[in-house]
Amino acid sequence: MPVSIAVLAKQVIDPEMPMAAFRIDADAKAVVPPSNIPPVVNGFDENAVEAALQIKDSQEASITVISTGTSFALDVMKKPLSMGADELVLLQDDAFENSIDSFFTAQLLAAAIRKLGGFDLIICGRQASDWDNAQVPLGVAEILGLSCISLGKKVEIKDGKVSVERITNDGYEVVEAPLPALVTVSNELGQPRYPTLRGIMAATRKQPTIWSSADLDADASQLEPRITLQELFVPVRDQQCEIIEGDDAADAGRQLALKLREAKLI
Amino acid sequence: MADESGVLVLGDSTGGELSSMSRELLTAGRKAADDLGEELAIGLLGATLDQPSQQAISYGADKVYAVTHPQLAQYQVDLYLAAMEALCRDVSPRIVLIGRTNEGRELAPRLAFRLGVGLAQDCLEISVDAGSKTLLANRPVYGGNAIAVVRCNYTPQIAAIRPKVYEPLEPDSSRQGQVVSFPVELDPSQARSQVVNVVEEAAEGVKLEDARVVVSGGRGLGGPEPFKDLETLANLLGGAVGASRAAVDSGWVPSSYQVGLTGKTITPEVYITVAISGASQHMAGCSGAKVIVAINKDAESNIFKEARYGVVGDWEQVVPAFTEAVRELTQS
Ligand SMILES: Cc1cc2nc3c(=O)[nH]c(=O)nc-3n(C[C@H](O)[C@H](O)[C@H](O)COP(=O)(O)OP(=O)(O)OC[C@H]3O[C@@H](n4cnc5c(N)ncnc54)[C@H](O)[C@@H]3O)c2cc1C
Ligand SMILES: Cc1cc2nc3c(=O)[nH]c(=O)nc-3n(C[C@H](O)[C@H](O)[C@H](O)COP(=O)(O)OP(=O)(O)OC[C@H]3O[C@@H](n4cnc5c(N)ncnc54)[C@H](O)[C@@H]3O)c2cc1C
């Protein structure tokens, strides 16, 4: 039996955009997407795709990418397919607007996973680079009653178990859990592979499955947001930097040491 | 849950002492409890808790729930969760505070989901609205580029607090409080994941999280070797070496060196950055430093908007001369 793997992936505003392009609409309590910079698949979710592909490199596996949102840039969301994933399922509805919380998001994703018949392994990113919540995957695991290992930098399946190198404060630990299980991964997993030309062509031909809220059998009582956003603001920074000069760069380095000494910092 | 009341901190101990995160949570919890006019309790999990329980009272707790069980001697996520869930259901607090430590990163969301409530994640500051008794939390989003103020609509209202943003209170050993033993039933089979091996990669010497001075290197160093120079400098200053994610991703140093949103939160007296651009996600881990010093060749780099002192120049020239001068100054 091939291993069935789901990857949960979110479309986000590119976090590498220049800081000057970052704008919020305080009245709408929303971030204004920059008009000339396309969205991306959340970076850690590309790591999750890579983790799934590494498993598929060594054994028979099928990879289904699932995402929820109000609207998608299809060429962006097809990137995991061009990297080698098999299916794409998009849960798309205006009712899933951005201000919904992690609780709501996790309920939708869990409902879709159930509808798809469940998976041996679900791989997620450690956090989404927009709202930085790091909650959705742990919630999905709780809702589905799965064992859960977070912050993986290497994920392997052997003998019906998942084995994960999990990042700790001082290094890492190897953690094992029986399947089915959910794992979150971090950038330490390594650079995700680039799409191949063949992969890109195959992805162009594939059509995603698109479901709206009506297609999902989610418990309505669980679709009440647990969190409300009251206010959104950009913090002010008023740090004044004193640039230390010198005859040349080396001298500036010496002057810096004197300055720090004078300020009793060293 | 009817009649919810009070603030419950979920704490822990390390090496027989109340952990620093727990002390910080008691500061936040004390203020919230006073504003509500309600009690501040702490739940401590472990095998033996006498000393940390007394310390918790001197750091501000009115009541300590000592959740002892042999299975809690070592951290295991499923068992800790089961114990925390049992405590929260029994105590029915209005507000629960937990630390966003490495363990808290997995415990807090799962606890909230189990209780069917929301979590204000990675908070920099919390306050309570005394009238409605609701918790308001400030949390950074978009890597710290913006701050969101969020409210929890369900009780208990749970917030995970970022480490090192609250200062522990001055301990007062004359404070009175009550220690209650809270027995839990735990079955080892509840532990669904198992740690089979532990690998330490952190540098020897002063710990990054505790260092008074930290010297961090970034992508502009161009390779792993320059980190040896940073180590020499850090040693002279009695400090530790850190890194940006770009340096970690390049494989120059292990991930335990990473400072930032998804790395360590540090609050040294002096933070010296070398060839780091000062991305918001990096600053998220070091903005609590008293003084930031930047060495970067690009005068337009964001790091100069964050630093107190800066040198615009190539690190290959600046760092050796700076190190030599530090050597002379600190050894004379
Ligand atoms: C300003 C603001 C502040 C907010 N603060 C909070 C808050 O404090 N608490 C709260 O509960 N909610 C909050 N929300 C709502 C929330 O941030 C998100 O809409 C939702 O909770 C998902 O969280 P996240 O995007 O941070 O995902 P994370 O939980 O960080 O995502 C982790 C992983 O889960 C998977 N995943 C997440 N979202 C999706 C998706 N849509 N499709 C597929 N996979 C996904 C990915 O694998 C991802 O890497 C806030 C919203 C706003 C606008
Ligand atoms: C969700 C998310 C989480 C993240 N978490 C973290 C995190 O925890 N920690 C973190 O650090 N990053 C994190 N990042 C990455 C972050 O956005 C930046 O990409 C990263 O911090 C950049 O590292 P850097 O400053 O070393 O590299 P760069 O931004 O490339 O900067 C290199 C700097 O070196 C300077 N330089 C080059 N050569 C020289 C020279 N010879 N002499 C002097 N200066 C020189 C350049 O002027 C430049 O300013 C995260 C990103 C995301 C999206």
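Look above for the structure.
Overview of the site of ligand 1
The full set close to ligand 1 counts 35 residues, and Leu-8, Lys-10, Asp-45, Ser-102 and Ala-134 of chain A are the nearest of them. Lying at an intersection of chains, ligand 1 is approached by residues of chains A and B. Here an oxygen atom of ligand 1 sits 2.3 Å away from a polar atom, N or O, in the side chain of Lys-10 of chain A. Contacts to ligand 1 include Ala-134 of chain A, whose backbone N or O atom sits 2.7 Å from an oxygen atom. In isolation ligand 1 offers 940 Å² of accessible surface; the protein chains occlude 97% of this area. For the shell around ligand 1, the secondary structure elements donating two or more residues are strand E6 (61–69), helix H4 (102–115), strand E8 (121–125), helix H5 (136–144) and strand E14 (227–233) of chain A together with strand E7 (119–123) and strand E10 (146–152) of chain B. The residue inventory of the shell around ligand 1, partitioned by class, reads 18 nonpolar, 11 polar and 6 charged.

A few points about the interface of chain A and chain B
Contacts between chain A and chain B engage 79 residues on the former and 80 residues on the latter. Contact with chain B buries surface across chain A, with Glu-142, Asp-170 and Arg-226 of chain A losing the most and accounting together for 9% of the total. Where chain A meets chain B, there are 6 salt bridges. For Glu-142 of chain A, the salt bridge goes to Arg-110 of chain B, with nearest N and O atoms at 2.7 Å. Summed over the shared surface of chain A and chain B, the result is 35 residue pairs in polar contact (both at pLDDT 80 or more). Of all the elements in the fold, those that place two or more residues in the side of chain A that touches chain B are H4, H5, strand E9 (147–158), strand E10 (161–168), strand E11 (171–178), E14, strand E15 (242–243) and helix H7 (249–262) of chain A. Class assignment for the residues of the side of chain A that touches chain B results in 43 nonpolar, 18 polar and 18 charged.

Conventions we followed
Residues numbered from 1 in each chain as written. Chains lettered and ligands numbered in written order. Predicted model: local features only at pLDDT ≥ 70, side-chain atom pairs only at ≥ 80, totals over all residues. Heavy atoms only, no water. Near = heavy atom within 4 Å. Polar contact = N/O pair within 3.5 Å; in protein donor to acceptor, adjacent residues only side chain to side chain. Areas by Shrake-Rupley, 256 points an atom, 1.4 Å probe, with all protein chains shown as cover. Helix = DSSP H or I, 4+ residues; strand = E, 2+ residues; numbered from the N terminus. Nonpolar A, V, L, I, M, F, W, Y, C, P; charged D, E, K, R; others polar. Contact = heavy atoms within 4.5 Å. Buried area = accessible area lost by both parts, 1.4 Å probe. Salt bridge = Lys/Arg side-chain N within 4 Å of Asp/Glu carboxyl O.

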